[in-house]
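Here's the letter readout for the chains.
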Amino acid sequence: MIRTVAGLFMTALLFILIGCSNQDSKKQEQGHTEEKTTQVTVWSKKTELFMEYAPLVSGKKNVLLIHLTRLADGKPVSEGALQLTLRPEAGQPVTITVTAPSRPGIYQAELSPAADGRYTLELQPQSPGFNDLIRVPGIVVGSLAAQPGAAKTGHQEQPTEKHDDHDGHGHDDHGHTAAPHDHAGLTAPVIGDGGGSISFLKGQQWSLDTLIRQPVRKQLSSRITAGGELIAASDAEATVAAPLSGIVSVSRPLPYLGKRVAKGELIALIDPPFRPEGGAGQLTAAHAEARSRVTLTRQEYERAQRLYEAKIAPRKRVEEAAAALDNARAALAPLEKSTALLGGDGNGRLAVRAPISGTVVEVLSGTGKGIEAGQPLVRIVNTGTLWLKASLPALDAGKLTSLPSAVFTVAGQEGSFTTGRLISVGDMLDPQSRTLPVIFSVPNPGSRLKVGMFATVSVATGEAQEGLVLPLEALVEDEGRFFLFVQTAGERFSRREVQIGAKQDGQVQVLKGLDEHERVVVQGVYYVKQAATGSRKEDPHAGHAH
């Protein structure tokens, strides 16, 4: 509790310090001007430009405060020169170069346009390993009245549909208008706050590692998340038991835990017991007796056959002799198999061999211990293919397709794993956990996965569908509703309710409420959420005050 309170206090203090620092520095850089400034936000493919300036006047030095952010990592452009070219609709352009930022991400430039009119401003950052060209059309110099059709300076906003706050969730954008963009897919310049009610300054964004991304269009399939466990396949596990009573011979230690054994490999030697019952002597006697019985019944069958052919004995005697021979052979067969499988070592000891290839996962007896017939010695598992038993929640059981697929992760193992074929889907829920068991085969080359590992399983419930996709961490859930923070301008954001679809591999599909050209906070969402809480206490239309 103390750590939580301390963390919240430090976060609040950080916001206050950064906000004050930004306000003080901008006041100094702008000379404490009280004039109403114009804010312009432009996004190129590599850079976000956020620029502030007072109304531009021809023939005088005009100060522009320029913030440059790399879109790839959300970091400020912290070094290198910045070349600015102000191109009029007619006449010669004006070009200046700012050799370095006054602070990381912030360049202060002075432009002196020769005449009133409409201009295009071109900015070329020239940092080591980072170059770009950013165009800002519609820059107005001089009196607005003298420039027919010129864009208004000041806090001009992009049109955004607003609704009254009836549900107590604050100033959310329940409807929205997508930011305009050109034919190359780049967002057009935004003058003012773009309709955003949440103020989150560039200094805060940079220091708190905020990252903003546009959604990508890709395919995701609906999935169910469930717990799972890796188990041995039913046909890949065997418990090796003592076929007869005896003592585990000290001349052949049992295999150690984790040892790989091959089918037919010697597992143990069993010394005969002190008493004959259940030991090798009893097996030998039973085997000899069964062989003798087969010999006698075969001779009786052959005699009955001859007598029947000589018409001395009836057909019934032949049938009875044949049945007796079959019974004798049936009794001999398992004894023959046991004798061949055991294969003594020539010293009267019985040899027990592995019935399958695999790894010894459990040792159930010990050298020198007495054992009874049927008592287990070791358990062997072939881990080349495992089974994944997923336990699906009861509420999701009805969403399964006829042939579901799954991927899963295991704690301590990097990356995700793909299952093989579907083994089975349970017909009833587990009465204790209220889950439905679904079993998949899992190829396990190199035995990287181990029996008994727990897994987080993602089971596909349908075909993949294409849509706008964002990282799952961009999503904020509030009382069963889902929200994103959309950037409307350089230092302005809106809380937007959206409808989501499939989730897969840390990504979520947005079905409604977002345009593919809009920009969404995907890292640092917590801090923007905190800023939103502070913004609601103020007038959301109070503008950008420093």
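Per-chain numbering applies: the sequence of each chain, read as written, is numbered from 1 onward. It should be noted that, the model being predicted, local features are given only for residues of pLDDT at least 70 and side-chain atom pairs only at 80 or more, the latter also being counted only at that level, while totals for whole chains, interfaces and linings use all residues. Water and hydrogen atoms were dropped before computing side-chain values, which therefore reflect all heavy atoms in the structure.

(A) Region of the structure containing the overall build of the protein. Along the backbone of the protein there are five helices and 35 strands. Each residue is assigned to one of three classes by its accessible area relative to the maximum for its type, calculated with a 1.4 Å probe on protein chains only: buried under 20%, partly exposed between the two thresholds, exposed over 50%. Counting the 546 residues in the protein, one finds 42% classified as buried. A contact between two residues is defined here by any heavy atoms of the two lying within 4.5 Å. For the protein, restricting intrachain contacts to residue pairs at least 6 apart in sequence, the fraction spanning at least 24 positions comes to 72%. As displayed, the protein offers around 28,300 Å² of accessible surface, 52% of which is attributable to carbon and sulfur atoms. Starting at the N terminus, helices and strands are each numbered in turn, a helix being any DSSP run of H or I of at least four residues and a strand any DSSP run of E of at least two. A 1.4 Å probe and the Shrake-Rupley method give the accessible areas. Residues count as covered only by the protein chains that appear here.

(B) Summary view of the sheet that holds strand β2 (residues 47–53). Across the sheet, which stays open at both edges, the five strands sit in the order β6-β3-β2-β1-β11 with antiparallel pairing between neighbours. Each edge of the open sheet carries a strand with a single partner, namely β6 (106–111) and β11 (190–191). Pairing of strand β1 (residues 38–43) with β2 involves six bridges; the strand directions are antiparallel. Opposite W43, over in β2, you have E48 as the bridge partner. A strand pair is defined by DSSP finding two or more bridges across the two strands.

(C) The environment of Q413, seen in detail. With respect to the secondary-structure elements, Q413 resides in the loop between β25 (406–410) and β26 (417–418). Expressed as a C-alpha distance, the spacing of Q413 and R448, which sit 35 residues apart in the sequence, is 8.8 Å. Once residues lying within four places of it in the same chain are set aside, the contact partners of Q413 are R448 and M453. Polar contact is the term for a pair of N or O atoms within 3.5 Å; when the atoms are in protein, one must be able to donate a hydrogen and the other to accept it, and sequence-neighboring residues count only if both atoms are side-chain atoms. Reaching out from Q413, the side chain makes a polar contact with the side chain of R448 at a distance of 3.0 Å.

(D) A look at the nonpolar core. Here the nonpolar core consists of buried residues drawn from Ala, Val, Leu, Ile, Met, Phe, Trp, Tyr and Cys, with membership extended through side-chain atoms lying within 4.5 Å. In this structure, L49, M51, I66, L121, L123, V136 and I139 are the most contacted members of the largest nonpolar core, which totals 26 residues. Secondary structure elements with two or more residues in this core: β1, β2, β3 (62–70), β4 (81–88), β6, β7 (117–127) and β9 (134–141). With four residues, the top contributor of residues to this core is β9. Each residue touching L123, except ones within four places of it in the same chain, is listed here: L49, I66, L82, Q83, L84, D132, L133, I134 and V136. Of all hydrophobic cores here, the second largest spans 20 residues; its members include A390, L400, L436 and V459.

(E) Quick look at the side chain of T69. One can find T69 in strand β3. A polar atom in the side chain of T69 sits 3.0 Å from the side chain of W206.

(F) Structural view of the pairing of strand β30 (residues 465–471). Here strand β14 (residues 216–220) runs beside β30; their pairing, made up of five bridges, is antiparallel. Its bridge partner being in β30, Q219 is matched across the sheet by E466. Where β30 meets strand β34 (residues 507–512), four bridges bridge the pair, whose relative direction is antiparallel. When the bridges of β34 are listed, L470 appears paired with V508.

(G) Representation of the packing of aromatic side chains in the model. Pairing of aromatic side chains here covers Phe, Tyr and the six-membered ring of Trp, requires ring centres within 6.5 Å, and sorts the geometry by plane angle: under 30 degrees stacked, over 60 edge-to-face, intermediate tilted. Taken as a whole and judged by the stated rule, the model has three aromatic pairs. Pairing F200 with F493 gives two aromatic rings, centres 6.1 Å apart and planes at 70°, and the pair type is edge-to-face. Here F200 is found in the loop between β12 (198–199) and α2 (202–207), whereas its partner F493 is found in strand β33 (residues 492–504), with 293 residues between them in sequence. Exposure class is identical for F200 and F493. Each is buried. Ring centres 5.4 Å apart and planes at 25° place the aromatic pair F408 and F417 in the stacked group.

(H) Summary view of the pattern of salt bridges. The rule for a salt bridge is simple: a side-chain nitrogen of Lys or Arg has to be within 4 Å of a carboxyl oxygen of Asp or Glu. Scanning the entire structure with this criterion turns up 17 salt bridges. One salt bridge connects R70 with D73, and the closest N-O pair in it is separated by 2.8 Å. For D73, a relative accessible area of 32% translates into the label partly exposed.

(I) Region of the structure containing the sheet that holds strand β28 (residues 435–443). If you trace the seven strands from one edge of the open sheet to the other, you get β26-β25-β29-β15-β24-β28-β27, paired in antiparallel fashion. Each end of this open sheet is capped by a strand with a single partner; those strands are β26 and β27 (422–425). As paired strands, β27 and β28 are joined by three bridges and run antiparallel to one another. Residue pairing across strands places L422 opposite F440, the latter belonging to β28.

(J) Seen up close, the environment of A455. When you line up the elements, A455 lands in strand β29 (residues 454–460). Note on A455: relative accessible area 8%, which makes it buried. Each C-alpha atom, one on A455 and one on T409, is 5.6 Å from the other, the two residues being 46 residues apart in sequence. Once residues within four sequence positions are removed from consideration, A455 is found in contact with A226, G227, G228, L388, F408, T409 and V410.

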